[in-house]
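Now for the letters of each chain:
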Amino acid sequence: MSDNTAKSTQSQLKEQTGTFVTRADAGENEIVHGVGITWLVPEGSMRKETELPGSFLDFIGEFTVDPGAQLEPHYHDTYEFYYVLSGEGVMQIEMEAAHVRPGDLIKIDRNARHTIRATGTERIHCLAFATSFQKPGERFIPCELPSVEPAE
């Protein structure tokens, strides 16, 4: 990213928020995949600044999943990442599952069906971000994903 683009992006953020810091409690909230997500960088808002031939930074957000609940299974044409901030859960990508805990970074390949469910007595709290190959206006596609347990 050039210095001019970096300054432009910082200027835009400062205009929107009054600072270069985005506060999680001041972000846009939306129900997505059956849980609330706070958009720290809303979907598609960084397209112009980050677009390379065929891809762009789509979003940065955080979400929580209540104990016993899960994200609605879905897929999309992105590389998506979850970073577990707190809580424990089971991450399922296609027909593989793994236990996840704070400090784990999860990489979800393009068009891979996925979900995450909270286990234990507390919510799982994650930071999510994605590099997208989708056309403007395209989002996720809900899907069926038979539940599997992690291999021990």
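Summarised in this report is the structure supplied together with it. Since the structure is predicted, the reported quantities are computational estimates derived from the model, not experimental observations.

A few words on the pairing of strand 3 (residues 56-65). A large share of strand 3 lies buried, amounting to seven of its ten residues. Strand direction decides the pairing type here: strand 2 (residues 35-41) and strand 3, joined by four bridges, are antiparallel. Considered in strand 3, the bridge of threonine 38 is made with glutamate 62. With nine bridges joining them, strand 3 and strand 10 (residues 124-132) adopt antiparallel strand pairing. Bridging from a neighbouring strand, phenylalanine 59 pairs with alanine 130 of strand 10.

Turning next to empty space enclosed by the protein. Following the criterion strictly, the structure yields one cavity of 30 Å³ or more and no others. The calculated volume of the largest cavity comes to roughly 160 Å³. Secondary structure elements with two or more residues in the lining of the largest cavity: strand 2, strand 3 and strand 5 (78-86). By residue class, the composition of the lining of the largest cavity is ten nonpolar, four polar and four charged.

Let us look at the pattern of salt bridges. Throughout the structure, instances matching the rule amount to six salt bridges. For aspartate 77, the salt bridge is made with arginine 110, and the minimal N-O distance between the two is 2.7 Å. Linking aspartate 77 in the loop between strand 4 (74-75) and strand 5 with arginine 110 in the loop between strand 8 (105-108) and strand 9 (114-119), this pair joins segments that are 33 residues apart in sequence. Overall, the relative accessible area of 18% leaves aspartate 77 in the buried class. Between glutamate 94 and arginine 113 there is a salt bridge, and its shortest N-O distance comes to 2.8 Å. Taken together, the residues span a long stretch of sequence, with glutamate 94 in the loop between strand 6 (88-93) and strand 7 (96-100) and arginine 113 in the loop between strand 8 and strand 9 at a distance of 19 residues.

Moving on, we come to the packing of aromatic side chains. Between two aromatic rings, the relevant description is the distance of the centres plus the angle of the planes. Enumeration according to the criterion identifies three aromatic pairs in this entry. Taken together, a centroid distance of 5.1 Å and an interplanar angle of 70° make the contact between phenylalanine 63 and tyrosine 82 edge-to-face. Placement of the pair is phenylalanine 63 in strand 3 and tyrosine 82 in strand 5, with a sequence separation of 19 residues. With a relative accessible area of 1%, tyrosine 82 lands in the buried category. With 5.9 Å between their ring centres and 75° between their planes, tyrosine 79 and phenylalanine 133 make a pair best called edge-to-face. You can see tyrosine 79 sitting in strand 5 and its partner phenylalanine 133 sitting in the loop between strand 10 and strand 11 (141-142), a full 54 residues away along the chain.

What follows is about the nonpolar core. If you look at soluble globular proteins, the nonpolar side chains tend to sit buried side by side. In this structure, Phe63, Val65, Tyr82, Ile106, Ile116 and Ile124 are the most contacted members of the largest nonpolar core, which totals 21 residues. Mapped onto this core, the elements with two or more residues apiece are strand 2, strand 3, strand 5, strand 8, strand 9 and strand 10. Top element by residues in this core is strand 10. It accounts for four residues. Apart from the residues within four sequence positions on either side, isoleucine 124 is in contact with Phe63, Thr64, Val65, Val84, Ser86, Gly87, Glu88, Gly89, Val100, Ile116 and Ala118.

By the element assignment, glutamate 62 lies in strand 3. For the buried residue glutamate 62, which engages in no salt bridge, the nearest side chain bearing the opposite charge is arginine 123, 9.6 Å off. Separated by 2.7 Å, the side chains of glutamate 62 and histidine 125 make a polar contact.

Take unusual backbone geometry next. Glycine aside, a negative phi is what most residues show, and trans is what most peptide bonds show. A positive phi angle, close to 55°, is found at glutamate 94, a residue other than glycine. The class for glutamate 94 is partly exposed, based on a relative accessible area of 28%.

Cut-offs and rules
- Residues numbered from 1 in each chain as written.
- Predicted model: local features only at pLDDT ≥ 70, side-chain atom pairs only at ≥ 80, totals over all residues.
- Heavy atoms only, no water.
- Buried < 20%, exposed > 50% of the residue type's maximum accessible area, 1.4 Å probe, protein only.
- Helix = DSSP H or I, 4+ residues; strand = E, 2+ residues; numbered from the N terminus.
- Pairing = 2+ DSSP bridges.
- 1 Å grid on protein atoms, 1.4 Å probe; cavity = no way out; pocket = protein on both sides within 12 Å on 5 of 7 lines; lining within 4 Å.
- Points joined across faces, edges and corners; volume = space filled by probe spheres on them.
- Nonpolar A, V, L, I, M, F, W, Y, C, P; charged D, E, K, R; others polar.
- Salt bridge = Lys/Arg side-chain N within 4 Å of Asp/Glu carboxyl O.
- Phe/Tyr/Trp six-rings, centres within 6.5 Å; stacked < 30°, edge-to-face > 60°.
- Core = buried A, V, L, I, M, F, W, Y, C linked by side-chain atoms within 4.5 Å.
- Contact = heavy atoms within 4.5 Å.
- Lys, Arg positive; Asp, Glu negative; His and termini not counted.
- Polar contact = N/O pair within 3.5 Å; in protein donor to acceptor, adjacent residues only side chain to side chain.

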